[in-house]
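Report on the structure
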Number of protein chains: 2
Amino acid sequence: MDDIDLIRNFSRTYTHRLGLLSKSYLGSGLALSEARLLHDLDRAGPVKARELAQGLGLDEGQTSRILAGFARRGWIRRARDEADSRQRPLHLTEAGRAQLEVLRLASRTAIAEATAPLGAAGLAALARVLDQASDLLRPPQPPLLRGLLPGDAGQVIARHAALYARDEGYDQSFEALVAEILAAFLTRNDTTRERGWIAQSPGGRMLGSIFCMAEGPEAPQIARLRLFLIEPEARGTGLAQRMIEACLGFATAAGYRQMLLWTHESHQAAGRLYARNGFALVASSPARAFGREVIDQTWQRDLP
Amino acid sequence: MDDIDLIRNFSRTYTHRLGLLSKSYLGSGLALSEARLLHDLDRAGPVKARELAQGLGLDEGQTSRILAGFARRGWIRRARDEADSRQRPLHLTEAGRAQLEVLRLASRTAIAEATAPLGAAGLAALARVLDQASDLLRPPQPPLLRGLLPGDAGQVIARHAALYARDEGYDQSFEALVAEILAAFLTRNDTTRERGWIAQSPGGRMLGSIFCMAEGPEAPQIARLRLFLIEPEARGTGLAQRMIEACLGFATAAGYRQMLLWTHESHQAAGRLYARNGFALVASSPARAFGREVIDQTWQRDLP
DNA sequence: CTGCAATACTTGATTTTGTCAAGTATTGCA
DNA sequence: TGCAATACTTGACAAAATCAAGTATTGCAG
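So, here is what we can say about the structure in this document. Small disclaimer: the values here were computed from a predicted structure and weren't measured. Residue numbers here run from 1 along each chain, matching the order of that chain's written sequence. The lettering of chains begins at A and the numbering of ligands begins at 1, in the order of writing. Two thresholds apply to this predicted model, a pLDDT of at least 70 for residue-level local features and 80 or more for giving and counting side-chain atom pairs, whereas whole-chain, interface and lining totals are computed over all residues. Just so you know, side-chain values use all the structure's heavy atoms and leave hydrogens and water out.

Quick notes on the sheet that holds strand β7 (residues 258-264) of chain A
Residues and elements named next belong to chain A. The 7 strands are arranged β3-β4-β5-β6-β7-β9-β8 in an open sheet whose pairing can be described as mixed. Bordering the open sheet on either side are β3 (144-146) and β8 (280-289), each of which pairs with just one other strand. The mean angle between the axes of side-by-side strands here comes to 20 degrees, regardless of whether they run parallel or antiparallel. The pairing criterion is simple: DSSP has to find at least two bridges between the two strands. A run of DSSP states H or I qualifies as a helix once it reaches four residues; a run of E qualifies as a strand once it reaches two. Both are numbered from the N-terminal end. Relative to strand β9 (residues 292-302), β8 is paired through 9 bridges, and the arrangement is antiparallel. Residue pairing in the sheet places Ala289 in a bridge with Arg292 of β9. Packed on one face of the sheet, helix α11 (residues 268-276) meets β6 (222-230), β7 and β9 and runs near 10 degrees to β9. The axes used here are C-alpha line fits, helices contributing only the stretch in contact, and every angle between their N-to-C directions lies in the interval 0 to 180 degrees. Only heavy atoms matter for contacts: two residues are in contact if any of them lie within 4.5 Å across the pair.

Written out as structure tokens, the structure reads:
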């Protein structure tokens, strides 16, 4: 079962269990197309009929008839455009908004009934998962950089372990190492000298992580960039650059004079990124780590 | 935005971006209902028309007409039931299966086109997320207990941290502690004396965890049950009992004579579970931990 | 400034699909 | 034996979608 079959499979399960996709609106006397149209009318400014039709993939003729019905029922006002009187910019009236609320309640009831067997916790889990799907389906928005919340460290560990196991064949000792690094970071809790960032999509999916950590009490002027990871689907979007800038900026402000980082030769895209940001390769040595032969690299740059 | 609004929101986004729910089948000349019906006909044994109609929420009359069309095109055979000649048990023919494959390819192409803007990694992420949703929507299947895979330890940490922060207000020192415990467990990698189990749904969602760990070299006969957590939506299903049995069974087989565990007074359901499984409360003391006042409990039982 | 293509929407004709109610044949059972 | 229930079909109709042609208006090339 590949990715596309999984999606097909979901579509079937979903329409089966939540048949409301096509019917729930009958309770309020509106057809699905009418409901979708009414929903799309709910904007700040005026809308053009053609835009609506194209946005929903509806026939223009059908759209025209449905809109006529809305106007008859007083749900929309059709103005006349001063500059171009072919257009009839549409506005939802108060009555239209009220109808939209009726619709919303009907659809909520239908969903609540259809998901009743899941229980409250199951519903919450479903909502969380579907919200992530919505987030993926939306046109990509610039990610947010934020500090760590409960559970983030665990997720950073999980994603490091899963991706490095898949792409590099690392064994579980790598997951142990990452867990140790993060456990120590959280325990020190030195918020003035150390910081972690999570990149997240507007919908809350974790897209990556980066950490600035102190090298240690014996080298107070040296910071280390660690646990820099970006999810595959967020690579090549300029996010990496933003994250590294946040990290360098913090390290500089915190008074460090130098930053180190450790990576592997095989991460070539990462290497180019470090080079572009003023890092230089200062050491390189073959090593056996996490069940694999790798070539360790140490990069370094001075901070302003 | 509550759970139900998130689901509503997903429905809209999904139908908008993957409008194929209603149309893609036109490429193959079949209406949505026809496609769904054909799909549901694909079973080992014979099917009754009424079952199909009810399963899909279709009108029986409509179903009858569509099935007549299928028979005309040679996609199904309508037998006559020996015992009850009112029924006409349905079988998909080879031609019917071929048509189903045509449909499958058309729908795959449509999904591939609609998801093209996501890229391969985005598609994989979407498929992973929607597969979890399918899993939640399916009637619950008995969970699986399995060993740890890469990323599991991280997820165990994340879920402990997130749930205890939400329900008990624990701060990040708790996440650090869990990460430390797991890092040490993975590093020891003592597979004969220690083991962790992940409970997962058939679709792969993590539903819980439990670990049997050695108390330490100074007490070789004592095992400790740790990191026992069950996701809210999987509570009250008997899963906890299965997990504790797996853990006790392993500890006994590994030669331990006694098992300890540590919990808090506020976890009353857990306390009852431990009592039912032969544990006795041996110590109880107020403590300040993870930013909260709690009452620590130690439970203990002998192993056979 | 004229005429023709393009735009924004409407209307009509037709097909497709869904719905409701009545119809046939058969079974089970009091 | 007869009557309700079951399994499916058919007819009549309504709703929705589709295709094509229609009106009014605008923009712009010549």
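The structure having been displayed, the exposition proceeds.
With respect to the interface of chain A and chain B
Counting from both sides, the interface comprises 72 residues of chain A and, opposite them, 71 residues of chain B. A 1.4 Å probe defines the accessible area here, and the buried area is the portion of it lost by two parts on being joined, summed over both. Across the interface of chain A and chain B, roughly 6600 Å² is buried in total on both sides, 64% from carbon and sulfur atoms. Looking only at chain A, the three residues that lose the most surface to chain B are Ile7, Arg8 and Leu137 of chain A, adding up to 11% of its buried area. For salt bridges, the criterion is a side-chain nitrogen of Lys or Arg within 4 Å of an Asp or Glu carboxyl oxygen. Joining chain A to chain B, the criterion identifies 6 salt bridges. A salt bridge links Arg104 of chain B to Asp5 of chain A; the nearest nitrogen and oxygen atoms lie 3.2 Å apart.

With respect to the protein's contact with DNA strand C
The full set close to DNA strand C counts 20 residues, and Ser64, Arg65, Arg86 and Arg88 of chain A together with Gln62 of chain B are the nearest of them. A cutoff of 4 Å decides nearness: a residue is near a molecule or strand if any of its heavy atoms lies inside that distance of it. Within 4 Å of the protein, the atoms of DNA strand C are drawn from sugar and phosphate moieties in a proportion of 57%. Take Lys48 of chain A: an N or O atom from its side chain is 3.5 Å from a phosphate oxygen of DNA strand C. The term polar contact refers here to a pair of N or O atoms within 3.5 Å; inside protein, the definition further demands a hydrogen-donor-capable atom paired with an acceptor-capable atom, and it admits residues adjacent in sequence only when both atoms are side-chain atoms. Arg50 of chain A places a polar main-chain atom, nitrogen or oxygen, 3.1 Å from a phosphate oxygen of DNA strand C. Of all the secondary structure elements, the ones that give two or more residues to the surface near DNA strand C are α4 (49-56) and α5 (60-72) of chain A together with α5 (60-72) of chain B. A breakdown of the residues in the surface near DNA strand C according to their chemical character gives 3 nonpolar, 6 polar and 11 charged. Each residue gets one of three labels, nonpolar for Ala, Val, Leu, Ile, Met, Phe, Trp, Tyr, Cys and Pro, charged for Asp, Glu, Lys and Arg, and polar for the others, Gly among them.

Some words on the relation of the copies chain A and chain B
The least-squares superposition of copies is restricted to C-alpha atoms, and to residues with a pLDDT of at least 70 in both copies. Laying chain A over chain B is done by rotating through 180 degrees and shifting 0.0 Å along the axis; what remains is an RMSD of 0.1 Å. Here the symmetry operator amounts to a two-fold rotation axis. Identified as the residue of chain A closest to the rotation axis by C-alpha distance is Gly154 of chain A, at 2.2 Å. A share of 99% of the interface residues of chain A reappears at the interface of chain B, consistent with the copies meeting face to face through the same patch.

Some details on helix α1 (residues 3-17) of chain B
Residues and elements named next belong to chain B. In a helix, the anticipated span is given by 1.5 Å times the number of residues less one. Helix length check: α1 (15 residues) gives 21 Å between terminal C-alpha atoms against 21 Å at 1.5 Å per residue, within 8%. Note on exposure labels: buried denotes an accessible area under 20% of the residue type's maximum, exposed denotes more than 50%, and partly exposed covers the range between, all computed with a 1.4 Å probe on protein chains only. α1 sits mainly inside the fold: 11 of its 15 residues count as buried. Along α1, the residues that are buried comprise Ile4, Asp5, Leu6, Ile7, Arg8, Asn9, Phe10, Ser11, Thr13, Tyr14 and Thr15.

Regarding the side chain of His264 of chain B
All names here are of chain B. Considering the arrangement of structural elements, one finds His264 in strand β7 (residues 258-264). A polar contact of 2.5 Å, which involves the side chain of His264, links it to the side chain of Tyr170. The residues touching His264, leaving out its near neighbours within four places in the chain, are Tyr170, Val294, Ile295, Asp296 and Gln297.

So, the packing of helix α4 (residues 49-56) of chain B against α5 of chain B
All names here are of chain B. One way to put it is that α4 packs onto α5 with a least axis distance of 9 Å and a crossing angle of 120 degrees. When the axis of α4 is compared with that of α5, the two are oblique. α4 and α5 meet at a crossing whose hand is right-handed. Counted together, Ala49, Arg50 and Ala53 of α4 and Glu60, Thr63 and Leu67 of α5 form the full contact between these two elements. Split by residue class, the contact of α4 with α5 holds 3 nonpolar, 1 polar and 2 charged. Roughly parallel means an angle under 35 degrees; roughly antiparallel, over 145; roughly perpendicular, 65 to 115; everything else is oblique. Crossing handedness: left-handed means the near helix sits turned counterclockwise from the far one by under a right angle, and right-handed means the same turn made clockwise.

Description of the protein's contact with DNA strand D
Not every one of the 20 residues close to DNA strand D is listed here, only the nearest: Gln62 of chain A together with Ser64, Arg65, Arg78 and Arg86 of chain B. Contacts to DNA strand D include Ser33 of chain A, whose side-chain N or O atom sits 3.0 Å from a phosphate oxygen. At 2.8 Å, a side-chain N or O of Arg78 of chain B approaches a phosphate oxygen of DNA strand D. Of all elements in the fold, only α5 of chain A together with α4 and α5 of chain B reach the threshold of two or more residues within the surface near DNA strand D.

Focus: the side chain of Gln99 of chain B
Among the secondary structure elements, Gln99 of chain B is positioned in helix α6 (residues 94-114). Excluding residues that lie within four positions of it along the chain, Gln99 of chain B makes contacts with Ser28, Leu30, Leu38 and Trp75 of chain B.

Points about the packing of aromatic side chains
Residue and element names in this part refer to chain B. Aromatic rings from Phe, Tyr and Trp, taking only the six-membered ring of Trp, are treated as a pair when their centres fall within 6.5 Å; an angle between ring planes under 30 degrees marks them as stacked, one over 60 as edge-to-face, and anything in between as tilted. Under the counting rule described, the total for this entry stands at 23 aromatic pairs over all chains. When the centroid spacing of 5.1 Å and the interplanar angle of 90 degrees are considered together, the rings of Phe185 and Phe211 count as edge-to-face. Separated by 26 residues along the polypeptide, Phe185 in helix α9 (residues 172-188) and Phe211 in strand β5 (residues 206-214) bring together distant segments of the chain. According to the relative accessible area criterion, Phe211 is buried, its value standing at 0%. Seen from their ring centres, Phe228 and Tyr274 are 6.4 Å apart, and the 50 degrees between their planes marks the pair as tilted. Taken together, the residues Phe228 in strand β6 (residues 222-230) and Tyr274 in helix α11 (residues 268-276) connect sequence positions 46 residues apart. As far as burial versus exposure is concerned, Phe228 and Tyr274 are alike and both buried.

A few points about helix α6 (residues 94-114) of chain A
With 21 residues, α6 of chain A extends 30 Å from end C-alpha to end C-alpha; this agrees with the ideal 30 Å at 1.5 Å per step. Looking at α6 of chain A, one finds that the buried residues are Gly96, Gln99, Leu100, Leu103, Ser107, Arg108, Ala110 and Ile111 of chain A.

A word on the sheet that holds β6 of chain B
Residue and element names in this part refer to chain B. If you walk across this open sheet you meet the 7 strands as β3-β4-β5-β6-β7-β9-β8, and the pairing is mixed. Of all the strands in the sheet, the pair left with one neighbour each is β3 (144-146) and β8 (280-289). Across the sheet, the mean angle from the axis of one strand to that of its neighbour is 20 degrees, orientation sign disregarded. Running at roughly 25 degrees to β5, helix α10 (residues 239-253) makes contact with β3, β4 (195-200), β5, β6, β7 and β9 (292-302) of the sheet.

Coordinates in, geometry out; function isn't part of it.
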